[in-house]
Amino acid sequence: MQAINEHTRLAFYQMVAKVSARFVAAKVDDIDSSIQQALADIGSFFRADRSYIFEFSDYLEFADNTYEWCADGVPAEIDNLKDLPMDMYQDWIGDWQAGRSIPIADIQSLDPNSPERLLLEPQGMRALLMVPLPSDDGIQGIFGIDLMHEPYDWQEEQITLLQIVGEIMSSALQRKRADQSFRLRQLISRIAVEFINLPTKKVDITVTKALARIQSFLDLSNIHIEKPLAPEFHSTKRALLKKLQKQPVLTDSSELGLDLPHELPALGVLLRHGENELGTLIATQTSRRVLEHSETVESLQLIADLVAGTLARKATEQKVEYLAYYDELTALPNRRLITNRLEHSLSIHRGYTHACALLFVDLDNFKRINDSRGREAGDELLQQVTGRLLAAVSEEDTLARVGGDQFLLLIETAMDNNEQSVLYVQESAERIRAELARPFRINGHTFHGSASIGIVYGNNQETPANLLKQAELAMYKAKAQGRNTIQYYDPAMQQEAIERAQLYSDLRTAIADKQFEVYYQAQNNADDQIIGAEALVRWHHPTRGLLSPGQFIAFAEETGLIGEIGKIVLKETCHLLNELKETGYDIPISVNISAEHILQPEFLGDIRDILTETGANPERLKLEITESAMIRDTDTVVEHMLDLQKLGVRFSLDDFGTGYSSLSYLKALPIHEIKLDLRFVRDMVKNTDDTAIADLVFRLAKVMNLDVIAEGVAEPEQKDFLLELGCQRFQGFLFSHPLPVPEFRQFLASAQVIH
């Protein structure tokens, strides 16, 4: 073998040292340019025609030319050397895996029938060197040098040093791949967070944007959702469909039903939610190697799962939204929708004495046909009634079904002439009464019916709730007067107002006389050890007995009395924190803070005064806030929370997942814990939508380093299900009911407590 002269050797060593130093100093973003420069330096040194890197797929099935340097006048081949089957290199793979380079000094000196000559000579090569690029678990590619016009006598010391260069480039490629993997996981996490609590109207655009970001990051030719798969796909490609139902499938674009100008490798991932197949996520790329990469497959599977869950939730929410605003039997608006329209009518018709009229229509003796002919006959009657009502009213009026046999008609009678309004409403009511008094024919039987109608006029001084109640009271008065009659609301019907006034008086007395008692409910970990508690207020009403928060808290918020009640609960809790600490139970206790209370100007001062007065450790006080406060005034809430955080107070976001903008609050606020709302916990074992939402909550919490506590856990199956989702904190009747202080102390003494 011809020796290298000293000058050439020195130049070669200097070149290798220069290449190596460049990689040592390279940042991740500089790796591509460093590789490109290394190929140029090496190719130029050997006066080669090309130097290049081929990267292999995970299972050594495909190879891509990913980097290339060409001498002047030599055409680039990199775009033509993609997706190459590696079976043509089968004789060399073993050597590469063993870390051995393959030098060929002169292809024309090989046996004319040798596989190597038959493969390389048609490509115009004369001499080449192929250096393996090792990886932690095998081989990730080769680095090569091609000479096309003359042989080259590769020296052993050159090969040895080039193998070191290959190892350096391989390490750089692995570093680049690790960085890409990290950034891909970050991208998937961000997308997952964006999908949580996503409003239905934003689902399509958010999914489209997410797929565009994935396409850009993975350098895909295209990524889209076929939903659902065409029927002919099911009939002609059953074998492929079975594979898709088990795992992602790497195939050709035409196999997945794509009609492209050029065949491309394609990866199909089935969008599945429960037992429902919603379509297929299809990604195309010029390289099978990219699509075969395990992280590409895993990422697209995660995206498919997120999209499937979101699309399923969208379909469910659209159905729920329809049912939330329309009656399923008659397709009429329901109470909620007509209430919204009534509120709108009152707001836009300011200044009119009769802004609108509300007619409450109740069928007389409807129960008789239901009992005698069955529910199907009753439903048929309701549908016939609906048809007659729609024929009797104007298209501009809103007709709704608000109960079993009850209908509401909203007439927007904003006219300057009140007498004309009254006449129009009266005629409408009489028309309805007459229509419903005509006999109905149901399943061959004749049914004679009638209706009692209550009417109330609305103006912007009234709330929709009051008007609905007043119309209903007028309807009952019509029934009391013999049915099949029309009655207008009498302002003397004010029993509800009287009861509200009494409740307000009773609450003020309760605050002054200290009729409130704070109960405590334990919070447990997965091993049933107590890790904290929540304070829950009760009202010892002198005549109505023990009242739960649901019976007075909302009214206290509405009337502004909630701040005084909140201070009572906070003070009692802080005293208990001290008492428990003295007896060896140094556990945190959560206190619910009303939206009205936290927004009061004196809120911060109240908390500071209570902590100072009681001497309680603020780090053991946890305040639970809901999204309603943040929706009203985020800036004030943030300011108060940050000030209290400086004292050591911690915060929990209560009823998480039931509001409109949970994610923005998690970013803006110093939240330490989120509470999974009991509505999800209650139904998740049977309801896949609730399960999907809960699963995303736990993933989100993990990403954002937040604790999650599931409330309302009442059954062992719920706890087991939550454990499978990763939940470690629980609260509910399964562990303990809310207890007064003496019983709570006894409960702590009988349980295992984590301090």
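Cut-off values and rules
Residues numbered from 1 in each chain as written. Predicted model: local features only at pLDDT ≥ 70, side-chain atom pairs only at ≥ 80, totals over all residues. Heavy atoms only, no water. Helix = DSSP H or I, 4+ residues; strand = E, 2+ residues; numbered from the N terminus. Rg over C-alpha atoms; globule rule 2.2 N^0.38 Å. Buried < 20%, exposed > 50% of the residue type's maximum accessible area, 1.4 Å probe, protein only. Contact = heavy atoms within 4.5 Å. Salt bridge = Lys/Arg side-chain N within 4 Å of Asp/Glu carboxyl O. Pairing = 2+ DSSP bridges. Axes fitted to C-alpha atoms, helices over the stretch in contact; angles between N-to-C directions. Core = buried A, V, L, I, M, F, W, Y, C linked by side-chain atoms within 4.5 Å. pLDDT = per-residue confidence, 0-100.

Trainee: Would you explain the overall build of the chain in this entry?
Mentor: Of the regular secondary structure elements, the chain holds 26 helices and 26 strands. Relative to the globule expectation of 27 Å for 755 residues, the C-alpha radius of gyration of the chain, 38 Å, shows a markedly less compact shape. The 755 residues of the chain split such that 50% are buried. In the chain, the share of contacts with a sequence separation of at least 24, taken over all contacts with a separation of at least 6, comes to 64%.

Trainee: Would you take a moment to explain the pattern of salt bridges for this structure?
Mentor: Pairs can form between side chains of opposite charge once their charged atoms are near each other. Evaluation of the coordinates by the stated rule reveals 34 salt bridges. Between Arg 213 and Glu 194 there is a salt bridge, with its nearest N and O atoms 2.9 Å apart. Of this pair, Arg 213 sits in helix α6 (residues 203–218) while Glu 194 sits in helix α5 (residues 156–195), placing them 19 residues apart in sequence. Glu 194 sits in the partly exposed class, given a relative accessible area of 32%. The closest approach of N and O atoms between Asp 252 and Arg 288, which form a salt bridge, is 2.2 Å. On the criterion of sequence distance, the pair formed by Asp 252 in strand β8 (residues 249–252) and Arg 288 in helix α9 (residues 288–292) is long-range, its members being 36 residues apart.

Trainee: Before we go on, may I ask you to explain the sheet that holds strand β10 (residues 276–284) in this structure?
Mentor: Across a sheet, strands are paired by hydrogen bonds formed along the backbone, either parallel or antiparallel in direction. The antiparallel open sheet is built from four strands, whose spatial order is β7-β10-β9-β8. Looking at strand neighbours, the two that pair on one side only are β7 (222–226) and β8, the edges of this open sheet. On average, each strand axis in the sheet is inclined to that of its neighbour by 30 degrees, with strand direction left out of account. The sheet contacts of α6 involve β7 and β10, and relative to β7 the element is tilted by about 145 degrees. Running over the sheet, helix α10 (residues 294–325) touches β7, β9 (265–273) and β10 and is turned about 40 degrees from β9.

Trainee: Looking at this structure, how should I read the environment of Ala 25?
Mentor: Within the fold, Ala 25 resides in helix α1 (residues 6–25). For the pair Ala 25 and Lys 702, spaced 677 residues apart in sequence, the C-alpha to C-alpha distance is 35 Å.

Trainee: Is there a simple way to think about the nonpolar core in this case?
Mentor: A general feature of soluble globular proteins is that nonpolar side chains tend to end up buried together. In this structure, Ile 214, Leu 281, Leu 623, Leu 676, Leu 722 and Phe 744 are the most contacted members of the largest nonpolar core, which totals 109 residues. In this structure Phe 744 touches Tyr 520, Ala 522, Ala 533, Leu 576, Leu 580, Ile 587 and Leu 739, once residues within four positions along its chain are discounted. Membership of the second largest hydrophobic core comes to 34 residues, among which are Leu 129, Trp 154, Ile 159 and Leu 161.

Trainee: Just checking my understanding: could you explain the pairing of strand β25 (residues 707–711) for this structure?
Mentor: The side chains of a regular strand alternate, first on one face of the sheet and then on the other. Among the five residues in β25, four count as buried, and that is most of the element. For strand β24 (residues 673–676) and β25, the ladder comprises four bridges, and the chain directions are parallel. When the bridges of β25 are listed, Lys 675 appears paired with Ile 709.

Trainee: Can you walk me through the confidence of the model for the chain in this structure?
Mentor: Caution is warranted with low-pLDDT regions, since their predicted coordinates should not be read in detail. Per-residue confidence for the chain gives a mean pLDDT of 86; residues scoring 70 or more make up 93%. In the model of the chain, helix α7 (residues 231–236) stands out as the element of lowest mean pLDDT, 63, in contrast to strand β18 (residues 516–525), which has the highest, 96.

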